[in-house]
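# Per-entry structural report
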Amino acid sequence: MTKTIIIGLDGATWDIIHTLLENNRLSELAAIIDQGRTGTLESTFPPITAPAWLSMATGQNPGKTGVFYFLNRDDPDSFDFEPLGSDKFQGQSFWDVLAARDQSVGIFNYPMLYPPYETDGFMVSGLGSDAEDTITYPESLGAELDEVTDGYQVKVPYADPKYQGRPDELERDLLDIVDKRERAIEYLLTEKDPDHFFGVISATDWAQHYFWRYHDEDHVLHKSGTEFRETLTRVWKRVDETVGKIAERAKEDDARLFLVSDHGFGPVNRTFNSNNWLRRDGFVQEADESMLTKARTQYFPYLRRVGEGIVSVVPQLNDFAKSIGESIRKTPGENVDFDSSVAFAPRQNLTCGMIYMLSDREADKREVISKLEQAVAEDSVAKDIQIYEPDDLYEGPKTDLAPDLLFEIDDFECAVDPRSTAGDELFSTGPPSKARNGGHNRDGIFIASGPDIESGSDLEARIYDIAPTLLYLHDQPIPEEMDGDVLFDVFESGEIDGQTERVPIDTLVEKGDDVERDDDEEVQQRLEDLGYI
């Protein structure tokens, strides 16, 4: 009998949920909220899938995990970047503590948890994996999921050229993958019956990236009178149905149910082109390249639009359009003259700004900060910029792997695009691409219901708090490496019969065989298909 069910609703935001609740469009969520405890779940900085889901699993901030985006460094003296994989989760996650203490766990569709590794229970990899690979432990579970879902599917690549100009097809595919998720979750809960289950539904994130402009009348790209204004409502109503079935299962088992998101969401109405600014102010110098490479890089935005236009007319040429981007895809630090540059922005992040200093002089860093603030102040539209250094945000032995400067503009409403542009403008109206007209912010959701859960709507929690709270809930010691706190206010009495003892995680978890992967290029391509790189 399952004791705890946690459902991750990727990118879920109260801005959408509250509006739909007020219009009586989410009856299942309304019932759960009415009886449970709700609040805001503050995400990592950056509020991005990879560091956020890892921090939720481990209770550790990025200064300890060393993960700040999808591609990360292992050496502060190197700019070789590799994608996040399950090796960062293994032996550090709350489910590893539970599994090591004879409690079975079921981890389903967890982003970047690839490849899966052995556990007491089962594990299904999510974003970053491919359904044609081995994405389940035990391996035989893959065939079961294929049968249950009529062909298991990991993702809907919403940024793929084939969906440009075809929102109807994307909506259909999003609703279809929610149906597959529902069937898989029901099967896993019924047939595998783990003590603890954590499953993630990602369609909410993908839908909000693409359809935000249809929903939001104030969005710069909004078009009134279109049938797709209701697409987010339809996707959320379908997710609401799935949540309702899971809630019914939790009630039957007398289990506690948690609904969480890795980050929040909001509109993206403008774009700041960070490498244009770095070049303009002389902080980055480009490396010598062949004329062909320079031409492809300079005119990539045009090539991308041409490719999308071709696919909008002839969808069968989708692979050709994708190959245009693949042919010029660079590593985050490629095309930078490291000897003559002061700083550079890695080409891998569209949510906030990331800058690595190549100069050790403090005066150079201060000048970069000053000129960045000046660039925003001189813009007639931008209102605010927040610039952070790693020690402002993180603590731990891997803080030195972080970018030297991180920044957000207008509370993430202005995206930061480090990719090449055909022009030299610093700010442009609209998002980096039409497929990403909605973007991430830090205010996620938290909902809890079930035995011993206090009702109320004023909780303020951090993403790091989930792991220690779940361990406390099941009377397990909490690793001292975890940065989060137990959310005592969630419980009716303020506490239950749980442990608050903190001990080293290596005394709780036996390190198994290291997971290995040699397909970094393939993983990067999957992330690019979703517009993350």
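Residues numbered from 1 in each chain as written. Predicted model: local features only at pLDDT ≥ 70, side-chain atom pairs only at ≥ 80, totals over all residues. Heavy atoms only, no water.

## Digging into the sheet that holds strand β5 (residues 105-110)
Taken in spatial order, the nine strands line up as β7-β6-β5-β8-β1-β9-β19-β2-β20 in an open sheet, and their pairing is mixed. Pairing within the sheet leaves two strands with one partner each, and these edge strands are β7 (136-137) and β20 (456-462). Where strand β1 (residues 4-9) lies against strand β8 (residues 196-201), six bridges are found, and the strand directions are parallel. If you follow Leu9 over to β8, its bridge partner there is Ile201. Relative to the sheet, helix α7 (residues 167-192) contacts β1, β5, β6 (121-125) and β8, its axis offset from that of β5 by approximately 170°. (Pairing = 2+ DSSP bridges. Helix = DSSP H or I, 4+ residues; strand = E, 2+ residues; numbered from the N terminus. Contact = heavy atoms within 4.5 Å. Axes fitted to C-alpha atoms, helices over the stretch in contact; angles between N-to-C directions.)

## A look at the environment of Gln374
Within the secondary structure, Gln374 is located in helix α14 (residues 362-378). Accessibility expressed as a relative area gives 37% for Gln374, which makes it partly exposed. One polar contact links Gln374 to Glu378, side chain to side chain, over a distance of 2.9 Å. (Buried < 20%, exposed > 50% of the residue type's maximum accessible area, 1.4 Å probe, protein only. Polar contact = N/O pair within 3.5 Å; in protein donor to acceptor, adjacent residues only side chain to side chain.)

## Side note on unusual backbone geometry
Cis rather than trans, the peptide bond between Tyr114 and Pro115 has omega equal to 0°. Here Pro115 is to be found in the loop between β5 and β6. One non-glycine residue, Asn24, lies in the positive phi region at around 55°. As for its position among the elements, Asn24 is in the loop between α1 (14-22) and α2 (27-35). For Asp193, which is not a glycine, the phi torsion comes out positive at approximately 50°. Positionally, Asp193 belongs in the loop between α7 and β8. Judged by relative accessible area, Asp193 falls into the partly exposed class, the value being 29%.

## Quick look at the packing of aromatic side chains
On inspection of all chains with the given rule, the structure shows 33 aromatic pairs. For the pair Trp53 and Tyr110, a centre-to-centre distance of 5.4 Å together with 70° between the ring planes defines the contact as edge-to-face. Within this pair, whereas Trp53 is found in helix α3 (residues 49-58), its partner Tyr110 is found in strand β5, the two being separated by 57 residues in sequence. Classification of Tyr110 as buried rests on a relative accessible area of 0%. (Phe/Tyr/Trp six-rings, centres within 6.5 Å; stacked < 30°, edge-to-face > 60°.)

## What about the pattern of salt bridges?
If you walk through the whole model with that rule in mind, you get 28 salt bridges. Of the charged contacts in the structure, one is a salt bridge between Arg183 and Asp179, with a shortest N-O distance of 2.8 Å. Taken together, the residues Arg183 and Asp179, both in helix α7 and four residues apart, mark about one turn of the helix. The exposure class of Arg183 is partly exposed, given its relative accessible area of 28%. Through salt bridges with shared partners, a single network forms among Asp179, Glu182, Arg183, Arg238, Glu241 and Lys245. (Salt bridge = Lys/Arg side-chain N within 4 Å of Asp/Glu carboxyl O.)

## A word on helix α8 (residues 203-215)
At His209, α8 shows its maximal bend, which comes to roughly 50°. Across the 13 residues that make up α8, a large majority, 13, are buried. (Bend = angle between axes of the 7 residues up to and from the residue.)

## Points about the packing of helix α6 (residues 141-149) against α7
The N-to-C vectors of α6 and α7 enclose an angle of 125°; their axes lie 9 Å apart at closest approach. Comparing the axis directions of α6 and α7 gives the class oblique. Considering how the two elements wind past one another, α6 and α7 form a crossing that is right-handed. For the pair α6 and α7, contact is made by Leu141, Glu144, Leu145, Val148 and Thr149 and by Lys180, Arg183, Ala184, Tyr187, Leu188 and Lys192, respectively. Residues of the contact of α6 with α7, tallied by class, amount to six nonpolar, one polar and four charged. (Parallel < 35°, antiparallel > 145°, perpendicular 65-115°, else oblique. Left-handed = near helix turned anticlockwise from the far one by under 90°. Nonpolar A, V, L, I, M, F, W, Y, C, P; charged D, E, K, R; others polar.)

## Some remarks on the confidence of the model for the protein
Keep in mind that low pLDDT regions are not for reading the predicted coordinates in detail. For the protein, per-residue confidence averages 90 on the pLDDT scale, and residues scoring 70 or more make up 87% of the total. Scored below 50 in pLDDT, residues 320-329 shows 20 contacts in the model against residues more than four places distant or in partner chains. (pLDDT = per-residue confidence, 0-100.)

## Thoughts on the side chain of Asp417
By the element assignment, Asp417 lies in strand β16 (residues 414-417). If we skip the residues at most four places from it in the chain, Asp417 touches Thr271, Phe272, Asn273, Ser274, Asn275, Asn349, Leu350 and Pro432.

## Digging into the packing of α7 against α8
Put simply, α7 and α8 touch, their axes get as near as 10 Å, and they point 155° apart. Classified by the angle their axes make, α7 and α8 are roughly antiparallel. Between α7 and α8 lies a crossing of left-handed hand. Where α7 approaches α8, its residues Pro167, Leu170, Glu171, Leu174, Ile177 and Val178 are matched on the opposing element by Ala203, Trp206, Ala207, Tyr210, Phe211 and Tyr214. Partitioning the contact of α7 with α8 into residue classes produces 11 nonpolar, no polar and one charged.

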